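Listed below, chain by chain, are the residues.
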Amino acid sequence: MKIFNQFMVKNKRVVISTLTTSLIPFSFIFNSVAIDELPPRVEKESKVQIPEVFITEVDAKKQLLKIKGYAQAQPRYSIDIVAQVNGKILSLTEQFVVGNQLDKGTAIAKVDATDYEQQLAEAEFLVAQSKVKVLEEERKIKITKKDRKDINSDYLIDSPLVFGQPQLISAKSGLKSANTQLKTAQKNILNTLVTVPFNSIITKRHVAPGQYIREGDKLATINGAKELQFHVNLPANQWQILLNHKNSSIKATISDANGNQWKGKFSHAEQHVNAENRQRTIIFKVENPLSQSPQLLAGSFVEVDIEFTMDMKLLAIPVKSLAPDGKVWYVDNQGLLAYFYAELVFQNEGMLYLYPPKNTEGITANKTALSAVGKLKIINSPSMNYAPGQHVSPI
């Protein structure tokens, strides 16, 4: 029995081994058939990732440029009225009040004219005497010429004194001097009535009734009321833009701290450099400032926005579009990167104004001319890793 069992175990191993060996070919065949029946494997194509770039489309055109400056409203004329004569102030007019606006020729003070009236009378008397003297000398010359006709000329002495010519010249000179004294006396009489020389505003009064004044003493300080000026200092680079510009097209908007605005006109430009700040000054004006609504007053601190359209065509790009190395990158019509070096004309309010590029780098292999590109697709924030000819997707 034991021998039989051992026999069965041994033969069982043989049978199992034999079956296993026999089944291997069938398993291989089955797997091969199953694999052949599987659907064909589709391989995915690998796509190249094209980087996206943010752009701003710009083209060369006549740009409206703006320059911001600050100034104080100043009257075109500001003077001290001084006494032209000596004497006591008899009266001041009611209009002679600080802050009043006066028209040209308005009287503000009256000075005692008694002494000057006496001088005027003396000058008139001297003129009358001088005229008589001239007439007498002329009459003497006529008599002398008549008498000489009746006398034999061989016994006469020819001398200017005989004919009274020097005497007449002296008399005429005396008359001329007398007339000059008369004009001076008349002028002094007029100067006893003090008037304003132009439309003005009284800013200071220096005298009072009854006060004795001498020639040269201050009577009042006045500002011109017809025009206010605004002196705006500009650095050299901004002046360079204005040099070849037509003055008539330069406009200015005057603004105060309260938001009030007035239109300014170009007046003139100073032809020298300020020694203190090394800048030049451009002057704008506002006419009839007190007739404006609201009124524009002298002494106001204001902001001056200067506007003008450039005669030449420029590109306007954001400041962030300029790379640190001075390159401006853009996308050409074929979606490839290209660049040019910026030639800066002006910078203001986050924008750069450039000359249109003459030469570019990295345009496609067929060297497409920049003029054929049309609007430039300027990259907003260029990377230092860009390379000319790189394919990008503008958005």
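Residues numbered from 1 in each chain as written. Predicted model: local features only at pLDDT ≥ 70, side-chain atom pairs only at ≥ 80, totals over all residues. Heavy atoms only, no water.

Notes on the overall build of the chain
Then step 1. Within the chain one finds 5 helices and 23 strands.
Then step 2. Residue burial in the chain is summarised as follows: out of 395 residues, 33% are buried.
Then step 3. For the chain, contacts bridging at least 24 residues in sequence account for 76% of all contacts bridging at least 6.
Then step 4. Working note: accessible area of the chain is about 26,000 Å², and carbon and sulfur atoms make up 53% of it. (Helix = DSSP H or I, 4+ residues; strand = E, 2+ residues; numbered from the N terminus. Buried < 20%, exposed > 50% of the residue type's maximum accessible area, 1.4 Å probe, protein only. Contact = heavy atoms within 4.5 Å. Areas by Shrake-Rupley, 256 points an atom, 1.4 Å probe, with all protein chains shown as cover.)

Observations regarding the sheet that holds strand 9 (residues 193–195)
Then step 1. Here 4 strands make up an open sheet; going across it, the order is 9-8-6-11 and the pairing antiparallel. The open sheet has two edge strands with one neighbour each: strand 9 and strand 11 (212–213).
Then step 2. With 3 bridges joining them, strand 8 (residues 107–111) and strand 9 adopt antiparallel strand pairing. Bridge pairing links Ala107 to Thr195 in strand 9. (Pairing = 2+ DSSP bridges.)

Some thoughts on the packing of aromatic side chains
Then step 1. Summed over the entire model, instances satisfying the criterion amount to 7 aromatic pairs.
Then step 2. A ring pair is formed by Tyr330 and Phe340, whose centres lie 6.1 Å apart and whose planes are at 45°; its orientation type is tilted. Of this pair, Tyr330 sits in strand 18 (residues 327–331) while Phe340 sits in strand 19 (residues 337–341), and the two are 10 residues apart along the sequence.
Then step 3. Phe340 sits in the buried class, given a relative accessible area of 1%.
Then step 4. With 5.8 Å between their ring centres and 90° between their planes, Tyr339 and Tyr341 make a pair best called edge-to-face.
Then step 5. A residue is classified by how much of its surface remains accessible, and Tyr339, at 10% relative accessible area, is buried.
Then step 6. Above the plane of the ring of Phe96 lies Arg205, whose end atom (NZ or CZ) is 5.8 Å from the centre.
Then step 7. A cation over an aromatic ring shows up here: Lys327 above the ring of Tyr339, its NZ or CZ 4.3 Å from the ring centre. (Phe/Tyr/Trp six-rings, centres within 6.5 Å; stacked < 30°, edge-to-face > 60°. Lys NZ or Arg CZ within 6 Å of the ring centre and 35° of its normal.)

Here we look at the nonpolar core
Then step 1. Counting 31 residues, the largest nonpolar core has Phe230, Val232, Ile282, Phe284, Val304, Ile306 and Phe308 as the members making the most contacts within it.
Then step 2. If you list the elements that add at least two residues to this core, you get strand 3 (61–72), strand 13 (227–234), helix 5 (236–242), strand 14 (251–255), strand 15 (261–269), strand 16 (280–287), strand 17 (301–318) and strand 20 (344–348).
Then step 3. At 7 residues, strand 17 tops the list of elements feeding residues into this core.
Then step 4. Formed by 20 residues, the second largest nonpolar core is a distinct cluster that contains Ile81, Val111, Tyr116 and Ile202. (Core = buried A, V, L, I, M, F, W, Y, C linked by side-chain atoms within 4.5 Å.)

Digging into the environment of Phe125
Then step 1. With respect to the secondary-structure elements, Phe125 resides in helix 2 (residues 114–149).
Then step 2. Between the C-alpha atoms of Phe125 and Ala178, which are 53 residues apart in sequence, the distance is 8.8 Å.

As for helix 4 (residues 165–191)
Then step 1. For helix 4, built from 27 residues, the straight-helix expectation of 39 Å at 1.5 Å per residue is met to within 8% by its first-to-last C-alpha distance of 39 Å.
Then step 2. Listing the buried residues of helix 4 in full gives Leu168, Ala171, Leu175, Ala178, Leu182, Ala185 and Asn188. (Expected span 1.5 Å × (residues − 1).)

Some thoughts on the sheet that holds strand 18
Then step 1. As summarised here, the arrangement of the 4 strands in space is 2-22-18-19, forming an open sheet in which the pairing is antiparallel. The open sheet has two free edges, formed respectively by strand 2 (55–58) and strand 19, since each of these has just one partner strand. This sheet shows a mean twist of 40° between the axes of neighbouring strands, independent of strand direction.
Then step 2. Bridge count between strand 18 and strand 19: 5 bridges; the pairing is antiparallel. Bridging across to strand 19, Lys327 finds its partner in Tyr341. (Axes fitted to C-alpha atoms, helices over the stretch in contact; angles between N-to-C directions.)

Observations regarding the pattern of salt bridges
Then step 1. Counting across every chain of the model gives 10 salt bridges.
Then step 2. Note that Lys133 and Glu137 form a salt bridge whose closest N and O atoms lie 3.6 Å from each other. Taken together, the residues span about one helical turn, with Lys133 and Glu137 both in helix 2 at a distance of 4 residues.
Then step 3. With relative accessibility at 40%, the residue Lys133 sits in the partly exposed group.
Then step 4. Residue classification places Glu137 among the buried residues on the basis of a relative accessible area of 4%.
Then step 5. Salt-bridge contacts for Lys265 lead to Glu287; the nearest nitrogen and oxygen are separated by 3.9 Å. In this pair, Lys265 sits in strand 15 while Glu287 sits in strand 16, placing the two residues 22 residues apart along the sequence.
Then step 6. Taking relative accessible area as the criterion, Lys265 reaches 49% and is therefore assigned partly exposed.
Then step 7. Members of the salt-bridge network, linked through shared partners, are Lys68, Glu303 and Asp305. (Salt bridge = Lys/Arg side-chain N within 4 Å of Asp/Glu carboxyl O.)

No statement about biological role is implied by the geometric values presented.
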